[in-house]
Amino acid sequence: MMKKTAFQLTVDTIKSKISEGHWAPGERLPTLQQLTKELSVSITTVREALRSLENEGIVSIEHGRGMYVRNDPLLLEDPTAALKELDDVSLLSLLEARLLIEPELAALCARKATESQVKRLRQLADRMIRQMGEGGPFLQTDLEFHQLIAEGARHPVLERMLDSITPLLAGGRKQTNTLPHMRTKASNYHSLIAIAIEERQEERARRLMFDHISDMIVPLQSPRV
């Protein structure tokens, strides 16, 4: 059996502490420095572990406020347990699911997002363009952008629906990023969506997100006979 990495051990330890009630739902987590000392790992490892747990919907990282256990007892269990049978879900099905959820989240985000969330969206959109120009990895930035829109929408049910398919999104994005010109298109859409949200243009944000995801679906659809 392969030895677990420090990252995976940190993820597992934090999960265990939450499930055992060490940190209750809604409770603020210790600072990065405190967690680093308590878990005896580097601050980089803690930061990466928390980001992974945020993507799983277990913790919430609120910029300027701190890190919290998600206030939902169901998330103390495996949030993807019901999706285990969907490991082989098609990319087309995944994108169609996103198409049903994310345009509305974008519109709600344009209406409800805080100024700090709006500012952060612009920063993430700019970062993705910069990363593409440098030829560096940008998958995490892509995930953060869409997750922040879900948070800014402040609609717990829709956010939970998106959270439930988040573990499948990384693999899907790796595939869509191989489609012709898709990476450049994605970064351009991100910038336009961020601007629409900043300007509180709900319908434009909805339409841009719809077009963004639809643009990835078209190449995957089989031609009709």
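### Quick look at the pairing of strand β1 (residues 59-62)
Where β1 and strand β2 (residues 66-69) come together, four bridges link them in antiparallel fashion. Paired with Ile61 across the strands is Met67, a residue of β2. Where β1 folds back onto β2 in an antiparallel hairpin, the turn is made up of three residues, including Gly64, whose phi is positive at roughly 90°.

### As for the environment of Lys119
Inspection of the secondary structure assignment puts Lys119 in helix α5 (residues 115-134). Lys119 gets classed as exposed once you look at its relative accessible area, which sits at 56%. Separated by 75 residues in sequence, Lys119 and Ala194 have C-alpha atoms that sit 8.7 Å apart.

### Looking at the confidence of the model for the protein chain
Predicted confidence across the protein chain gives a mean pLDDT of 82, with 79% of residues reaching 70 or more. By mean pLDDT, the top-scoring element of the protein chain is helix α9 (residues 202-217) (95), and the lowest-scoring one is helix α7 (residues 156-176) (72). Below a pLDDT of 50 lies the segment residues 78-86, which in the model reaches seven contacts outside its immediate sequence neighbourhood of four places, other chains included.

### Some words on the nonpolar core
In terms of nonpolar packing, the biggest core is built from 33 residues, with Leu105, Leu121, Phe145, Ile149, Ile193 and Ile197 touching the most fellow members. Elements with a minimum of two residues in this core: α4 (91-112), α5, α6 (139-153), α7, α8 (182-198) and α9. Residue contributions to this core peak at nine residues, all from α4. Counting residues in each nonpolar core, the second largest holds 18 residues, with Ile14, Val46, Leu53 and Val69 among its members.

### A closer look at the packing of α4 against α6
Interaxial distance between α4 and α6 falls to 7 Å at its minimum, and their mutual angle equals 60°. As summarised for this structure, α4 and α6 are arranged oblique, according to the angle between their axes. In this structure, α4 crosses over α6, and the sense of that crossing is left-handed. Of the residues in α6, those in contact with Arg98, Glu102, Leu105, Ala106, Leu108, Cys109 and Lys112 of α4 are His146, Ile149, Ala150, Gly152 and Ala153. Partitioned by chemical class, the residues of the contact of α4 with α6 number seven nonpolar, two polar and three charged.

### Topic: the environment of Ser19
Here Ser19 is to be found in helix α1 (residues 6-19). Side-chain polar atoms of Ser19 contact the backbone oxygen of Ser16, separated by 2.9 Å.

### Considering the packing of α4 against α9
Their axes nearest at 7 Å, the elements α4 and α9 cross at an angle of 165°. Between α4 and α9, the angle is such that the two are roughly antiparallel. Every pair of crossing elements has a handedness; the one defined by α4 and α9 is right-handed. Taken together, the residues of α9 that come into contact with α4 (itself represented by Leu92, Leu95, Glu96, Arg98, Leu99, Glu102, Pro103, Glu104, Ala106, Ala107, Ala110 and Arg111) are Glu202, Ala205, Arg206, Met209, Phe210, Ile213, Ser214, Met216 and Ile217. For the contact of α4 with α9, a count of residues per class yields 13 nonpolar, one polar and seven charged.

### Points about the pattern of salt bridges
As enumerated under the stated definition, the model contains 13 salt bridges in all. For the salt bridge of Glu102 with Arg98, the shortest nitrogen-to-oxygen distance reads 2.5 Å. Here Glu102 and its partner Arg98 are both found in helix α4, four residues apart, which amounts to about one turn of the helix. Judged by its relative accessible area of 2%, Glu102 is buried. Since its relative accessible area comes to 3%, Arg98 is described here as buried. Note that Arg127 and Glu144 form a salt bridge whose closest N and O atoms lie 3.9 Å from each other. A residue pair is termed long-range when its members are at least 10 positions apart, and Arg127 in helix α5 and Glu144 in helix α6 qualify at 17 residues. Judged by relative accessible area, which is 10%, Glu144 ranks as buried. One network of salt bridges, with partners in common, ties together Glu104, Glu203 and Arg206.

Cut-offs and rules
- Residues numbered from 1 in each chain as written.
- Predicted model: local features only at pLDDT ≥ 70, side-chain atom pairs only at ≥ 80, totals over all residues.
- Heavy atoms only, no water.
- Pairing = 2+ DSSP bridges.
- Helix = DSSP H or I, 4+ residues; strand = E, 2+ residues; numbered from the N terminus.
- Buried < 20%, exposed > 50% of the residue type's maximum accessible area, 1.4 Å probe, protein only.
- pLDDT = per-residue confidence, 0-100.
- Contact = heavy atoms within 4.5 Å.
- Core = buried A, V, L, I, M, F, W, Y, C linked by side-chain atoms within 4.5 Å.
- Axes fitted to C-alpha atoms, helices over the stretch in contact; angles between N-to-C directions.
- Parallel < 35°, antiparallel > 145°, perpendicular 65-115°, else oblique.
- Left-handed = near helix turned anticlockwise from the far one by under 90°.
- Nonpolar A, V, L, I, M, F, W, Y, C, P; charged D, E, K, R; others polar.
- Polar contact = N/O pair within 3.5 Å; in protein donor to acceptor, adjacent residues only side chain to side chain.
- Salt bridge = Lys/Arg side-chain N within 4 Å of Asp/Glu carboxyl O.

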